[in-house]
2 protein chains.
Amino acid sequence: MIDYWCELAWLGGPAAEAGVLISLQDDRILSIRPGCGAPPPGATVMPGLTLPGFANAHSHAFHRALRGRAQASTGSFWTWRDQMYAIAESLDPDTYHRLARATYAEMVRAGITAVGEFHYVHHQPGGRPYASPNAMGEALIAAAASAGIRLTLLDTCYLHGGLSAGGYSPRRGPQLRFGDDSSAQWAERTTQSTSSAMVRMGAAVHSVRAVDPDAIEVVAGVADENRWPVHVHLSEQIAENEQCLAALGATPTRILDDAGLISARLTAIHATHLAADDIGALGSSAASCCCCPTTERDLGDGIGPAPALAEAGSAICLGTDSHAVIDPFEECRALELDQRQVSHRRGVFDSHSLLAAGTSAGYDSIGWPEGGRLAAGGLADFITVGLDSVRMAGTGAATALPAAVFAATAADVRQVVIGGKVVVRDGAHVSIDVRAELHSSIAAVSTP
Amino acid sequence: MIDYWCELAWLGGPAAEAGVLISLQDDRILSIRPGCGAPPPGATVMPGLTLPGFANAHSHAFHRALRGRAQASTGSFWTWRDQMYAIAESLDPDTYHRLARATYAEMVRAGITAVGEFHYVHHQPGGRPYASPNAMGEALIAAAASAGIRLTLLDTCYLHGGLSAGGYSPRRGPQLRFGDDSSAQWAERTTQSTSSAMVRMGAAVHSVRAVDPDAIEVVAGVADENRWPVHVHLSEQIAENEQCLAALGATPTRILDDAGLISARLTAIHATHLAADDIGALGSSAASCCCCPTTERDLGDGIGPAPALAEAGSAICLGTDSHAVIDPFEECRALELDQRQVSHRRGVFDSHSLLAAGTSAGYDSIGWPEGGRLAAGGLADFITVGLDSVRMAGTGAATALPAAVFAATAADVRQVVIGGKVVVRDGAHVSIDVRAELHSSIAAVSTP
């Protein structure tokens, strides 16, 4: 048994508790005792604010190579996509593994203890499967294991190149390697992967642009049968809605609903441009919605209806998606701050709701409902935020939650424990030189 | 003569230059030589990206005590103002000095080398002047001097408590100490202050809510006579526009224009809710506009028309205002990212325009036009951003500007030189324990 004594810890309520003793047994929390004035003998002392680890519910690990590069240019989501495709085309299992390992290590360093990887770069350039058909997914699993992060591999069905009034167009160029020939082939390949203590499987529909309604039904069936979470990119761009309406005569949400994908198992990623009926369909089924605020800002997606979705019954979780930055505090506050700019009202979401979005709601979304909260029996995944930086100075017990949510950065994370193991100590990853590995792995895939 | 050899430096163009030798004489830049492959003997080597120092064109130093506290609550701009007033009421020259010194030191640590302090807490609680009528302004000047930051003290005229259809109401409660009895008294008091090598004076009109048109004319005259910059809070809230229209029959911008305040000497702070004519009036006079994006997000002000103002002829500069965070990189990118959310277009402002907003445009706005650029003859105020954090890893010469603007944080600033003197070395202030001074100075003014 290992004991951690936390100066302050958030146990899910509106304020932090002082003097919290967390006892671990293997990878689980055995007990939580608040109100322990002093650390008992042998306990590891955690100065600062201890939180459950953040779940990054939506990640494309390889997008990390675009940071700085994609921001050098102007244009739209669609011109950004060309840059992203160029990186996607250059990957092989080795470079994908190295880039993902460095990116996951940056996540861990930022306080993210579990990641949902929306994985679609499956096959060789041109589309021929690797000798081991899940070679790319295995590269991600190995990357997560060595970075020490908990992983849900959301294996993504991607069949078509696009959607217009004329119907689905074939995959082309870089898209060739994303897809399987059919939903049956996707199902066969994806169900070969197995879970382990730190890895679970999930399914994903890339979007209504890339997966037709019949295939969406297949994905929904596989997810139900295996009790997997299932994710889908939904209405991030107005153009997607227009294309879908023109081709299929309904909104993307309605298409998903008719195909049986909308359930409490589903997480809709972005959910930015929704009609009132769409919000009702997602909320009444208790589907989760994953906002990716820093990516949505970067891509100019627009500000989605998160408060209405929450009101309708959806849990809101968060993802760093394109990794323009990897900072779960920034995602939490951006969810609220963007809503303030629209509503001219402060406190649409309060601090502890924002922390819940970043932690428990994310763990639920990616299929680890026993994580993302500091509770007896739960996964021993937690982080400690220092209150000793100049940004955080002046923070006390009463203001620790709002100060962390509204002022901390990833650089304020001092300690990270995942599955009972210390992965970040004194702000450094215990086994990976994150900076050096990011540098070399990005250099290996970037065009100059 | 002192030489700094910069691995990369931004000299105002669209990309960073490699191997730049900056030679100083006293507090000035003597020469700039790009393309120096290796550091000459005796030069101080600056690894990373060197930028001109940031100008924080809009600061209320004492608001730093609200960080974390103000974010704990919900409500509106107007309920937030009550919290801010409670701190304002508690200040005296000593606590104001200590809080400002710690806040300015945090700014320097973040790469801010010059600050425009919009100063309105002038008199004793209740309104009686201190024995030395500028005691509070002198406290700020001393604070800036010991923090090593360049200061423009924008002494603010504040005569009335509010504006409604019935006209101006008297100052009340905490407002009593903000104001002078008349614009003449304001002018007499404010012109007693003198400039020095690191301090310049400026004027400010608090807002059309607090200063009537006749008094605005007086402030404009004092600014013109002394060749001071002049600042004004403008149309941050829709309610201000409504009150002004109801009471005076015109928009706040029109009121300022009719009173002779709008000129190239003026900086309009926020300028969020403007009519087309307002934008034309500001732009055609080459008035600057200061956006404070992190504060505007925090207060739910809304997203202003910065691109239209720039198009019309206004320079856009930036301020951290309420210090919800102090991070000039976050302000730069927020200016662009908020516009993307409105326009659904990327690159409304490009990286080097955003850096110019943060540096040269800010120096211009607060009356130091010889600063904010790396140029021979200019002020020796510059900073170096490390490219060695996990956030910045993967950045090279070609991507240094967009990576700094879109991914760096204040914590990435390694070195700061102001007026030729090193004020931050290896990420630490050379003479102030910033964290400890923030902690104690905030504790001294906060109600629990």
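Rules behind the numbers
Residues numbered from 1 in each chain as written. Chains lettered and ligands numbered in written order. Predicted model: local features only at pLDDT ≥ 70, side-chain atom pairs only at ≥ 80, totals over all residues. Heavy atoms only, no water. Helix = DSSP H or I, 4+ residues; strand = E, 2+ residues; numbered from the N terminus. Rg over C-alpha atoms; globule rule 2.2 N^0.38 Å. Buried < 20%, exposed > 50% of the residue type's maximum accessible area, 1.4 Å probe, protein only. Pairing = 2+ DSSP bridges. Axes fitted to C-alpha atoms, helices over the stretch in contact; angles between N-to-C directions. Contact = heavy atoms within 4.5 Å. Least-squares fit on C-alpha atoms with pLDDT ≥ 70 in both. Buried area = accessible area lost by both parts, 1.4 Å probe. Salt bridge = Lys/Arg side-chain N within 4 Å of Asp/Glu carboxyl O. Polar contact = N/O pair within 3.5 Å; in protein donor to acceptor, adjacent residues only side chain to side chain. Parallel < 35°, antiparallel > 145°, perpendicular 65-115°, else oblique. Left-handed = near helix turned anticlockwise from the far one by under 90°. Nonpolar A, V, L, I, M, F, W, Y, C, P; charged D, E, K, R; others polar. Expected span 1.5 Å × (residues − 1). Arc of directions from axis to C-beta. Disulfide = S-S within 2.5 Å. Domains from an automatic or database assignment.

K.L.:
What's the story with the overall build of chain A in this structure? I'm lost.
P.N.:
Tallying secondary structure elements over chain A gives 15 helices and 18 strands in all. For chain A, the C-alpha radius of gyration of 21 Å lies close to 22 Å, the compact-globule estimate for 448 residues. Dimensions of chain A along its principal axes, counting C-alpha atoms only, are 70 × 45 × 45 Å. By the burial criterion, 63% of the 448 residues in chain A qualify as buried.

K.L.:
Just to check I follow, could you spell out the sheet that holds strand E5 (residues 54–59) of chain A for this structure?
P.N.:
Across a sheet, paired strands are connected by hydrogen bonds in the backbone, their directions being either parallel or antiparallel. Residue and element names in this part refer to chain A. The eight strands lie next to each other as E5-E6-E7-E10-E11-E12-E13-E14, forming an open sheet whose pairing is parallel. Two strands close off the open sheet at either side, each with one partner strand: E5 and strand E14 (316–318). Averaged over all pairs of adjacent strands, the angle between their axes in this sheet comes to 25 degrees, without regard to strand direction. Packed onto the sheet, helix H3 (residues 135–147) meets strand E6 (112–119), strand E7 (150–157) and strand E10 (199–205) and runs at close to 165 degrees relative to E7.

K.L.:
What should I look at first to understand the environment of Thr-253 of chain B in this one?
P.N.:
With respect to the helices, strands and loops of the structure, Thr-253 of chain B is situated in helix H7 (residues 252–258). Counting along the chain gives twelve residues from Thr-253 of chain B to Asn-241 of chain B, while the straight-line C-alpha distance between them is 9.2 Å.

K.L.:
Sorry, what's going on with the relation of the copies chain A and chain B here?
P.N.:
Superposition of the two copies of the chain requires a rotation about an axis and a shift along the axis. Placing chain A over chain B gives an RMSD of 0.0 Å and needs a rotation angle of 180 degrees, together with 0.0 Å of translation along the axis. Between the two chains, the operation in question is that of a two-fold axis. If distances are taken from each C-alpha of chain A to the rotation axis, the shortest is found for Ala-411 of chain A, at 3.8 Å. Same-surface contact between copies: 98% of interface residues of chain A are shared with the interface of chain B.

K.L.:
For this particular structure, what's the right way to read the interface of chain A and chain B?
P.N.:
How big an interface is tends to be stated in terms of accessible area lost as the parts join. At the junction of the two partners, chain A supplies 57 residues and chain B supplies 56 residues. Interface area for chain A against chain B, summed over the two sides, is near 4600 Å², with a carbon-plus-sulfur share of 55%. Contact with chain B buries area across many residues of chain A, yet Gln-341, Arg-346 and Arg-391 of chain A alone supply 18% of it, more than any other trio. Seen at the junction of chain A and chain B, the total is six salt bridges. A salt bridge links Asp-298 of chain B to Arg-346 of chain A; the shortest N-O distance between them is 3.1 Å. Scanning the region where chain A abuts chain B turns up 18 residue pairs in polar contact (both at pLDDT 80 or more). For the side of chain A that touches chain B, the secondary structure elements donating two or more residues are helix H1 (77–90), helix H2 (93–109), helix H9 (293–298), helix H11 (328–343), helix H14 (400–407) and helix H15 (434–443) of chain A.

K.L.:
Sorry if this is basic, but what is going on with the sheet that holds strand E17 (residues 421–425) of chain B here?
P.N.:
All names here are of chain B. Reading across from one edge, E3-E2-E1-E4-E15-E16-E17-E18 is the order of the eight strands in this open sheet, with mixed pairing throughout. Each edge of the open sheet is held by one strand with a lone partner, namely strand E3 (28–33) and strand E18 (428–429). In the sheet, strand E15 (residues 382–385) pairs with strand E16 (residues 413–418) via four bridges, with the strands oriented antiparallel. Note on E16: the bridge partner recorded for Val-385 is Val-413.

K.L.:
It is not clear to me how the packing of H11 of chain A against helix H12 (residues 351–358) of chain A should be interpreted in this structure. Could you clarify?
P.N.:
Geometrically, a packed helix pair is captured by the angle between its two axes and the distance between the axes. All names here are of chain A. Relative orientation of the contacting elements H11 and H12 amounts to 125 degrees, with a least axis distance of 9 Å. What the angle tells us is that H11 and H12 run oblique. In this structure, H11 meets H12 at a crossing whose hand is right-handed. Contacts between H11 and H12 involve Cys-332, Leu-335 and Glu-336 on the former and, on the latter, Leu-354, Ala-357 and Gly-358. For the contact of H11 with H12, the class distribution of residues is four nonpolar, one polar and one charged.

K.L.:
Looking at this structure, how should I read helix H1 (residues 77–90) of chain B?
P.N.:
Since the α-helix advances by 3.6 residues per turn, residues separated by three or four positions end up pointing in the same direction. Residues and elements named next belong to chain B. Between its first and last C-alpha, H1 extends 20 Å over 14 residues, near the 20 Å set by a 1.5 Å rise per residue. Of the positions making up H1, those classed as buried are Phe-77, Trp-80, Arg-81, Met-84, Tyr-85, Ile-87 and Ala-88. Seen from one end, H1 has its buried residues packed into an arc of 160 degrees, which puts them on one side. Between the side-chain oxygen at the start of H1 and the backbone nitrogen of Trp-78 there is a gap of 3.1 Å, and the oxygen is on Ser-76.

K.L.:
Teacher, can you tell me more about the pairing of strand E3 (residues 28–33) of chain A here?
P.N.:
Along any regular strand, the residues point their side chains to alternate faces of the sheet. Residues and elements named next belong to chain A. Note that strand E2 (residues 17–25) and E3 share five bridges and pair antiparallel. Residue Leu-21 lies in a different strand from E3, and its bridge partner there is Arg-33. Counted between consecutive antiparallel strands, the loop separating E2 from E3 contains two residues, among which Asp-26 sits at a positive phi close to 55 degrees.

K.L.:
Help me understand the packing of helix H2 (residues 93–109) of chain B against helix H3 (residues 135–147) of chain B in this model?
P.N.:
All names here are of chain B. In contact at an axis separation of 8 Å, H2 and H3 are set at 35 degrees when each is read in the N-to-C sense. Along this stretch, H2 crosses H3, giving a crossing that reads as right-handed. For the pair formed by H2 and H3, the contact residues are Pro-93, Tyr-96, His-97, Ala-100, Arg-101, Tyr-104, Ala-105 and Val-108 on the first element and Ala-135, Met-136, Ala-139, Leu-140, Ala-142, Ala-143, Ala-144, Ser-146 and Ala-147 on the second.

K.L.:
Got a minute to help me understand the state of the cysteines in this structure?
P.N.:
Residues and elements named next belong to chain A. Under the defined criterion, the tally for this structure stands at zero disulfides over all chains. With no disulfide of its own, Cys-6 lies closest to Cys-36 among cysteine sulfurs, the gap being 9.9 Å. A relative accessible area of 0% means that Cys-6 is categorised as buried.

K.L.:
Is there a simple way to think about the domain arrangement of chain A in this case?
P.N.:
All names here are of chain A. Structurally, chain A comprises domain 1 (2–52 + 374–434) and domain 2 (54–365). Using only C-alpha atoms to locate each centre, domain 1 and domain 2 end up separated by 29 Å. Of the roughly 2500 Å² buried at the junction of domain 1 and domain 2 (both faces included), carbon and sulfur atoms supply 68%. Per-residue buried area on domain 1 facing domain 2 is highest for Val-405, Phe-406 and Ile-418; these three make up 24% of the total on that side. Linking domain 1 to domain 2 there are one salt bridge. Arg-150 is paired through a salt bridge with Asp-381; the nearest N and O atoms lie 2.7 Å apart. Inspection of the region where domain 1 meets domain 2 yields nine residue pairs in polar contact (both at pLDDT 80 or more). Of all the secondary structure elements, the ones that give two or more residues to the side of domain 1 that touches domain 2 are strand E4 (44–52), strand E15 (382–385), H14, strand E16 (413–418), strand E17 (421–425) and strand E18 (428–429).

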